[in-house]
Amino acid sequence: MNLDHLNKEQQKAATHIEGPLLILAGAGSGKTATMTHRIAYLIEQGISPYSILAVTFTNKAAGEMRERVEKLVGPCPNMWIMTFHAMSLRILREHYYAAGYDKNFVVYDTVDQKTIIKNIIKEQNIDSKQFPQAYLSAIISKEKEADSDPEQFLEMNGENPKTKVIYNVYKEYQRQLKANNAMDFDDLLVNALHVLRENPNILAQYQNRFKYIMVDEYQDTNHIQYEIIRMMAKAHKNLCVVGDDDQCIYQWRGADIRNILDFEKDFPTAKVIKLEQNYRSCGNILAAAHSVIKNNRGRKAKKLWTEAEAGAPIVYKRCDSDKEEAYYVAQEIDLLSGGRSYDDFAVLYRTNAQSRLFEDALKRRHIPYQILSGFSFYERKETKDMICYMRLVVNPSDDLAVKRIINEPKRGIGPTTLGKLEALAKVNNRSLFETLSQEEVIYSLPAKASASVKEMMDVMQLCQQEKDNLRVSDIYDNLLVKTGYLKALEDENTVESESRIENLLDFKSFIYDFEEEKAATGEKATMEEFLERVATDSDTDKYDDEAGKVTLMTMHSAKGLEFPIVFMPGMEDGLFPGHRALDSENGIEEERRLCYVGMTRAKEKLFLTSAAYRVLYGHGDYTRESTFLRELDKSLLDEAGDSIYEPSRRTNNRLGVSTGSLDGYSETPAFRPYNYDPLKFAKQAVKESAAGNSEDFMQGDQVTHGKFGHGIVVDTDAKTVTVVFDEGGIKKLAKGIAPLKKV
Ligand code: ATP
Ligand code: MG
């Protein structure tokens, strides 16, 4: 393999094979790139991809790393490149019994978590002013990060009225998760750790398999992640960790910076490689970032250098208000966008609450943007409802999902009826789904409810039974149409319901993408895996670097990414650094690292802005400029704010010579044929696909199937068709749902 394009130190790291290795280096020095090359190099040296495990911080980073490796050495389907959570999920799927779960356990997200905790607050008559749900959720999560169960929590904190309440909630929460055959996000790590720790044979299996383990962004590993990795690498010690102590930004979520600082203590034979050349940013950006981060005391001193030119000065603009700030940013993007793609721009803010004004300002200028906000796609009501339907297809014990969808769309099941059903389920020690599967229960419901619940149960059972014979997208279409969900929205016929339909169809494209991605690796796309993807996706995973859109995201989500032009708005004390951080040295240092992460995302130009007056969470106030601005080396700064363009570019843009239009605004939207209504077409397609077949089949009919291809009917009865497929063997398929067509 030709590694000539790497520098000497990078080459050393990439070709280091046996023994522990620490790559400790600053932002943009090629850590991730080196790790990628190292994987390719190992494979080229004859090491099986099967024995390689690489852990990244997001699913997206994992996908990119795999793509790059495979470009260098060819396809490696059985190599594990994934996040900690995805890895834990894999381990738990392989050893669910050791974790005490059923095979088809599901993963609950923060919305589910919220619902359960709120219910518990009600059930246990807890004062929600004194113990708000958010507070209880946060404590439970913290305890799990520290691998501490309810009993340990009580033991550590002593018994008093307050800890007793928390203990009871925590305990009941875990009981309910278990009863629903579900884990929350934190449980994935905790349970994986316990399975490995308590089952030496299982641990040995992974130790034997993964002879080469690598972890990117190691500075942000928490206690449990550290333990998992340490145990897996214990036998062979071929562990390579990559990171930058200056970029540890998740201490608030349990990340422990000591994991990277103490690596040499844990692995005394570790080789340490430092990378000092930065390949990402212009000189001024690098110097500015350094002038801020050097104020942190608890850090390993390192300085980066670059061969790149100094570049444009950093622009700082103090605006009168937050609205003006957003206007200014949108205007700058407009002016600079000539001859550039909007992909080049990112607005990185401290909190999601800042995003709305930027959205407004960009919309006004018709600048396309993508927003990666905490309120994700999956948390929208309609998407969430459909996810619950899908979850029930794989895991009928999921009571929370039943409760969520039983009356969505309206089926005449009010809280009283639901309460009765729950009580009945409890008495018989059955799940809600099982309870509803009994005919006598359905018939005992009020007449209207009885018919519509029966219909829903039929669809659900059919989907459960056929799930392995259908594509994920087919199941989705069936659920959407046959449960009456789509129709209810259509009947509503409001702007809001229309936009919900759009979102549901948008979600379908997401399913398609997933299926395509799987097909590309030659794997089968299963519903189980799809749900896992949904559960483990982070904000950053939705980032599309070729969308032709400006990206809006938090600085936290921008970790590991790079953009030619970066805006960091809201440089104000109280916002950034945040007001809570202002009280403690540790807090300030973590915010300063975040500032460093934000600034070092920029390749060519960096804009910092602040607003003299800001409204946040409904409260308006005058602000003070950020501590970080005061630390910044003033000689690198252009405070004039709007004098930074090369006049030529500005003229170009204004004259419409470049891709911008005459007034510097964005291009006209893509051409669409007259009368083209994409929503209508998409709806139609969903319905057609869900219609399955109403044809009658006879022995000897030639058919095609959406998933299995061509085949011949060999048997039929009232409910099923049996087909011998050219490639898929013999399948017995349910009439009315199987995507079969005569040819
Ligand atoms: P971060 O700390 O932000 O995660 P990093 O250290 O992982 O950054 P990379 O993202 O791997 O850095 O690399 C930063 C940029 O530098 C990328 O665009 C990468 O392609 C480029 N780069 C890395 N090494 C070299 C090299 N030897 N020659 C040229 N470009 C390089
Ligand atoms: Mg990186």
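Criteria and thresholds
- Residues numbered from 1 in each chain as written.
- Chains lettered and ligands numbered in written order.
- Predicted model: local features only at pLDDT ≥ 70, side-chain atom pairs only at ≥ 80, totals over all residues.
- Heavy atoms only, no water.
- Helix = DSSP H or I, 4+ residues; strand = E, 2+ residues; numbered from the N terminus.
- Rg over C-alpha atoms; globule rule 2.2 N^0.38 Å.
- Contact = heavy atoms within 4.5 Å.
- Areas by Shrake-Rupley, 256 points an atom, 1.4 Å probe, with all protein chains shown as cover.
- Lys, Arg positive; Asp, Glu negative; His and termini not counted.
- Charge placed at Lys NZ, Arg CZ, Asp CG, Glu CD.
- Expected span 1.5 Å × (residues − 1).
- Buried < 20%, exposed > 50% of the residue type's maximum accessible area, 1.4 Å probe, protein only.
- Arc of directions from axis to C-beta.
- Near = heavy atom within 4 Å.
- Polar contact = N/O pair within 3.5 Å; in protein donor to acceptor, adjacent residues only side chain to side chain.
- Nonpolar A, V, L, I, M, F, W, Y, C, P; charged D, E, K, R; others polar.
- Domains from an automatic or database assignment.
- pLDDT = per-residue confidence, 0-100.
- Pairing = 2+ DSSP bridges.
- Axes fitted to C-alpha atoms, helices over the stretch in contact; angles between N-to-C directions.
- Parallel < 35°, antiparallel > 145°, perpendicular 65-115°, else oblique.

Next up on the list: the overall build of the chain. Helix and strand content of the chain: 30 helices and 21 strands. Against the 2.2 N^0.38 benchmark of 27 Å for 743 residues, the chain shows a C-alpha radius of gyration of 28 Å, consistent with a compact globule. Seen through its principal axes, the chain has C-alpha atoms that stretch 80 × 65 × 60 Å. Here the analysis covers contacts within the chain between residues at least 6 apart in sequence; of these, 74% occur between residues at least 24 apart. Carbon and sulfur atoms provide 51% of the accessible area of the chain, an area that totals close to 33,100 Å². Mean positive and mean negative side-chain charge positions of the chain (98 and 114 charges, respectively) differ by 2 Å.

The next subject is helix 19 (residues 415-427). Between its terminal C-alpha atoms helix 19 stretches 18 Å, which fits the 18 Å expected from 13 residues at 1.5 Å a residue. For helix 19, the set of buried residues is T417, L418, L421 and A425. When helix 19 is viewed along its axis, its buried side chains cluster within an angular range of 100° and face the same direction. Along helix 19, exposed side chains directed more than 90 degrees from the buried face belong to P415, T416, K420, K426 and V427. Residues of helix 19 that are buried in the fold lie against helix 18 (399-405), helix 20 (432-436) and helix 21 (439-444). Once helix 19 finishes, N429 follows within two positions and takes phi at roughly 55°, a positive value.

Let us now look at the environment of F153. Here F153 shows up in helix 7 (residues 150-157). F153 sits 10 residues away from E143 along the chain, and the two C-alpha atoms are 7.1 Å apart. Contacts of F153, omitting those with residues within four sequence positions, involve I139, E143, S148, T163, I166 and Y167.

Take the site of ligand 1 next. Near ligand 1 lie 19 residues; those nearest to it are K31, T32, Q247, E562 and R601. Here an oxygen atom of ligand 1 sits 3.0 Å away from a polar atom, N or O, in the main chain of G30. At a separation of 2.8 Å, an oxygen atom of ligand 1 approaches a polar side-chain atom of T32. Per element, the largest residue contribution to the shell around ligand 1 is three residues, and it comes from helix 2 (residues 31-44). Here the residues of the shell around ligand 1 sort into four nonpolar, 10 polar and five charged. In terms of domain composition, the shell around ligand 1 takes at least three residues from each of domain 1 (8-96 + 190-275) and domain 3 (283-374 + 543-652).

Turning to the confidence of the model for the chain, a few remarks are in order. Per-residue confidence for the chain gives a mean pLDDT of 87, with 93% of residues at or over 70. The element-level mean pLDDT for the chain is lowest in helix 29 (residues 647-655), coming to 29, with strand 13 (residues 563-568) highest at 98. This model gives residues 640-676 a pLDDT under 50, and the stretch forms 54 contacts once residues within four places in sequence are excluded.

A separate point is the pairing of strand 19 (residues 720-725). Most of strand 19 is tucked away: five of the six residues are buried. In this antiparallel pair of consecutive strands, strand 18 (residues 709-716) and strand 19, the connection spans three residues. The pairing of strand 19 with strand 20 (residues 729-734) spans six bridges and is antiparallel. Each residue of the ladder has a partner; that of V721, found in strand 20, is L733. Linking strand 19 to strand 20, which pair antiparallel, is a turn of three residues.

This paragraph deals with the packing of helix 6 (residues 133-145) against helix 8 (residues 161-179). Between helix 6 and helix 8, the shortest axis-to-axis distance is 10 Å and the interhelical angle comes to 75°. In terms of orientation, helix 6 lies roughly perpendicular with respect to helix 8. The segment helix 6 lies against helix 8, with Y135, L136, I139, I140, E143 and K144 engaging K162, I166, V169, Y170, Y173, Q174 and L177.

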